[in-house]
Amino acid sequence: MRLNDKVALITGAGNGIGRETALLFAREGAAVVVADVNDSAGEKTVADIVAAGGRAIYKRSDVSKAADCEAMVAAAEQTFGKLNVLFNNAGIMHGDDDNAMTTEESVWDLTMAINLKGVFFGCKYGIPALKRAGGGSVINTASFVALLGAATPQIAYTASKGGVLAMTRELAVIHARENIRVNSLCPGPLKTELLMNFLNTEAKKQRRLVHVPMGRFGEASEIAKAALFLASDDSSYVTGADFVVDGGITAAYVTPE
Ligand code: NAD
């Protein structure tokens, strides 16, 4: 097992990437703190882990709130004794996030508070815990849209994810000699609630798929496997990376017919 005796905290672990990663990390031997704002979804992730013989707790945490982030890290240390892996994964894609002319300030502020400030708060309270544990791995979920411009505008989301990439690189450099690795995960378009709610017609889905060389949306479980690599000692020489898992989108100029 690749995460034996490790303790992992995963934000947004009630659904999508976070949920699949929590289930996988638990199967690989980690004790998992499931953090989310959706109590029933978070508790279901925990119940499924426990039913499969794993260890997990649910901690309601809004990542845009400093006190919640401090408390979720404290819950990891109080319940499982330490923190080894911090997966700052929670994020939103607001339905009214559009171009610079049409997007409301409130949509911008909410997106930044969760997607960008939430990662900062996770690190602000999580990195001291990783140091107390003698080191560890931080994984921050960004997106392929932080690397490529999209004709489907979502200005606040894209800007927030660009911030995650820049912040991750600096964190990686600052903490490299403390045995703490910090990487960003850049998923391509996935078949999760977040994107399927945004691309809410067949035409919008097909418009996006035109750009994916593999011709399909990814699965959350495929991102979970990449997160496992970044969390485990298999990636011991990887830090400051933009780890892209995108079905080939960022490699493509023209996609095959
Ligand atoms: P999802 O909507 O399936 O799950 C996100 C989870 O985060 C939900 O359980 C939700 O309740 C939780 N959440 C929302 N706001 C929160 C908050 N303030 N505090 C704590 N938890 C909160 O989404 P997903 O597709 O699994 O996305 C996870 C991450 O991956 C996000 O950061 C997203 O931006 C990123 N991402 C997704 C895609 C995609 O195509 N789905 C692509 C690239 C990047």
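1. Considerations on helix 1 (residues 16-27)
Along an α-helix, a turn takes 3.6 residues, which lines up residues three or four apart on a common side. If you check helix 1, its first and last C-alpha atoms are 17 Å apart, about what 12 residues at 1.5 Å a residue would give, namely 16 Å. Most of helix 1 sits out of view: 9 of its 12 residues are buried. For helix 1, the set of buried residues is Ile17, Gly18, Arg19, Thr21, Ala22, Leu23, Leu24, Phe25 and Ala26. Next to the buried residues of helix 1 lie strand 1 (7-11), strand 2 (31-36), helix 2 (39-51), strand 4 (85-88), strand 6 (180-187) and helix 9 (220-231). With its phi angle positive at about 105°, Gly29 sits one or two positions after the end of helix 1.

2. Describing the nonpolar core
The biggest cluster of nonpolar side chains holds 31 residues, and the ones touching the most others in it are Leu9, Val73, Leu83 and Val138. Ranked by the residues each element gives to this core, the list is headed by helix 5 (residues 117-132), at 7 residues. With residues near it in sequence (within four places) discarded, Val138 still touches Leu86, Asn88, Cys123, Ile127, Leu130, Ile180, Arg181, Val182 and Asn183. Membership of the second largest hydrophobic core comes to 30 residues, among which are Ala22, Leu24, Leu190 and Ala231.

3. Observations concerning the packing of helix 1 against helix 9
For the pair helix 1 and helix 9, interaxial distance at closest approach is 8 Å and the crossing angle is 55°. Relative to helix 9, the element helix 1 is oriented oblique. Helix 1 and helix 9 meet at a crossing whose hand is right-handed. Residues Gly16, Ile17, Glu20, Thr21, Leu24 and Phe25 of helix 1 form the contact with helix 9, whose participating residues are Ala220, Ser221, Ile223, Ala224, Lys225, Ala227, Leu228 and Ala231. Tallied by class, the residues present in the contact of helix 1 with helix 9 amount to 9 nonpolar, 3 polar and 2 charged.

4. A short note on the pattern of salt bridges
Tallied over the full model, the rule gives 10 salt bridges. Here Arg60 makes a salt bridge to Asp39, at a shortest N to O gap of 3.0 Å. Placement of Arg60 in strand 3 (residues 55-60) and of Asp39 in helix 2 is noted, with a sequence separation of 21 residues between them. Since its relative accessible area comes to 31%, Asp39 is described here as partly exposed. Here Asp48 makes a salt bridge to Lys44, at a shortest N to O gap of 2.8 Å. Separated by 4 residues within a single helix, Asp48 and Lys44 lie in helix 2, roughly one turn from each other. Overall, the relative accessible area of 24% leaves Asp48 in the partly exposed class. A relative accessible area of 45% places Lys44 in the partly exposed class.

5. So, the site of the ligand
Every one of the 28 residues lining the ligand counts as a neighbour, but Ile17, Asp36, Tyr157, Leu190 and Thr192 are closest to it. Within the contact set of the ligand, an oxygen atom lies 2.6 Å away from a side-chain nitrogen or oxygen of Asp36. The separation between a nitrogen atom of the ligand and a polar main-chain atom of Val63 is 3.1 Å. For the shell around the ligand, the secondary structure elements donating two or more residues are helix 1, helix 6 (155-175) and helix 7 (193-198).

6. Let's talk about helix 3 (residues 66-80)
Across its 15 residues, helix 3 extends 21 Å between first and last C-alpha, which sits within 8% of the 21 Å expected from 1.5 Å per residue. Every buried residue belonging to helix 3 is among Cys69, Met72, Val73, Ala75, Ala76 and Phe80, and all of these are buried. End-on view of helix 3: buried residues confined to an arc of 150°, all on one side of the axis. Projecting away from the buried face of helix 3 at angles above 90 degrees are the exposed residues Ala67 and Gln78. On its buried face, helix 3 sits against strand 1, strand 2, strand 3 and helix 5. Phi for Gly81, located one or two positions after helix 3, is positive at around 90°.

7. Regarding the sheet that holds strand 1
Pairing is parallel across the open sheet formed by 7 strands, whose spatial order is 3-2-1-4-5-6-7. Bordering the open sheet on either side are strand 3 and strand 7 (242-245), each of which pairs with just one other strand. Shown here is a sheet whose adjacent strand axes are inclined to one another by a mean of 20°, direction ignored. Across 4 bridges, strand 4 lies against strand 5 (residues 136-141) in parallel orientation. Within the sheet, the bridge partner assigned to Val85 lies in strand 5 and is Ser137. Sheet strands in contact with helix 9 are strand 4, strand 5, strand 6 and strand 7, and its direction is about 165° off that of strand 6.

8. Describing a nonpolar patch on the surface
On the surface, Leu147, Leu148 and Val244 cluster together into a nonpolar patch covering about 200 Å² of accessible area. The topology assignment puts Val244 in strand 7.

Reading the values: rules and limits
Residues numbered from 1 in each chain as written. Predicted model: local features only at pLDDT ≥ 70, side-chain atom pairs only at ≥ 80, totals over all residues. Heavy atoms only, no water. Helix = DSSP H or I, 4+ residues; strand = E, 2+ residues; numbered from the N terminus. Expected span 1.5 Å × (residues − 1). Buried < 20%, exposed > 50% of the residue type's maximum accessible area, 1.4 Å probe, protein only. Contact = heavy atoms within 4.5 Å. Core = buried A, V, L, I, M, F, W, Y, C linked by side-chain atoms within 4.5 Å. Axes fitted to C-alpha atoms, helices over the stretch in contact; angles between N-to-C directions. Parallel < 35°, antiparallel > 145°, perpendicular 65-115°, else oblique. Left-handed = near helix turned anticlockwise from the far one by under 90°. Nonpolar A, V, L, I, M, F, W, Y, C, P; charged D, E, K, R; others polar. Salt bridge = Lys/Arg side-chain N within 4 Å of Asp/Glu carboxyl O. Near = heavy atom within 4 Å. Polar contact = N/O pair within 3.5 Å; in protein donor to acceptor, adjacent residues only side chain to side chain. Arc of directions from axis to C-beta. Pairing = 2+ DSSP bridges. Patch = residues over 30% accessible without salt bridge, like charges linked within 9 Å, V, L, I, M, F, W, Y side chains within 5 Å. Areas by Shrake-Rupley, 256 points an atom, 1.4 Å probe, with all protein chains shown as cover.

This is a description of form; function is not addressed.
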